[in-house]
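Coordinates in review
For reference, the chains in residue letters:
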Amino acid sequence: MSHAKQQLYATPLDGEWVKSSFSNGSGNNCVQLMAIEGGVAVGDSKRPDLAPLRYTRSGLAAFVAAARAGEFDHFPRR
């Protein structure tokens with residue numbers, strides 16, 4: 001793991017989770033994000049027992065840009 005990634009995983013999760021507006025009505029079946037120093041934590045509200053993944057801001061921005069551009073549209077939908 002790179003030094004930058006190690007720093008992200010050492011950063012405490014002491015912020016506020018922001019849930020997706022595309023989650024179900026109860027708010028417990030969604031992707032959630034938390035701004036942390038140096039990046040963003042990504043969690044799954046239905047699996048709070050799992051540690052959130054952590055990304056640099058530029059890494060998450062690249063993913064969002066790719067999703068907006070349709071690069072992941074070929075994945076099967078439920």
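Residues numbered from 1 in each chain as written. Predicted model: local features only at pLDDT ≥ 70, side-chain atom pairs only at ≥ 80, totals over all residues. Heavy atoms only, no water.

So, the packing of aromatic side chains
A full pass over the atoms with the stated rule returns two aromatic pairs. Aromatic pair Phe72 and Phe75: ring centres 6.2 Å apart, planes at 35 degrees, arrangement tilted. Ring-pair connections join several aromatic residues into one group, and the members of that group are Phe63, Phe72 and Phe75. (Phe/Tyr/Trp six-rings, centres within 6.5 Å; stacked < 30°, edge-to-face > 60°.)

Digging into the pairing of strand β2 (residues 31-36)
Only one face of β2 is buried: it carries Gln32, Met34 and Ile36, and the other face, with Val31, Leu33 and Ala35, is open. Sheet topology places strand β1 (residues 18-19) next to β2; two bridges connect them, and they run antiparallel. The residue of β2 that forms the bridge with Val18 is Leu33. Bridge count for β2 against strand β3 (residues 39-44) is six bridges, and the pairing is antiparallel. The residue of β3 that forms the bridge with Val31 is Asp44. (Buried < 20%, exposed > 50% of the residue type's maximum accessible area, 1.4 Å probe, protein only. Helix = DSSP H or I, 4+ residues; strand = E, 2+ residues; numbered from the N terminus. Pairing = 2+ DSSP bridges.)

A short note on helix α2 (residues 57-68)
In this model, α2 (twelve residues) spans 16 Å end to end at C-alpha, consistent with the 16 Å of a helix rising 1.5 Å per residue. The positive-phi residue at the C-terminal boundary of α2 is Gly70, with phi of around 85 degrees. (Expected span 1.5 Å × (residues − 1).)

Remarks on the environment of Ala66
Within the secondary structure, Ala66 is located in helix α2. For Ala66, a relative accessible area of 11% corresponds to the buried category. The contact partners of Ala66, leaving out residues within four places of it in the chain, are Glu71 and Phe72. (Contact = heavy atoms within 4.5 Å.)

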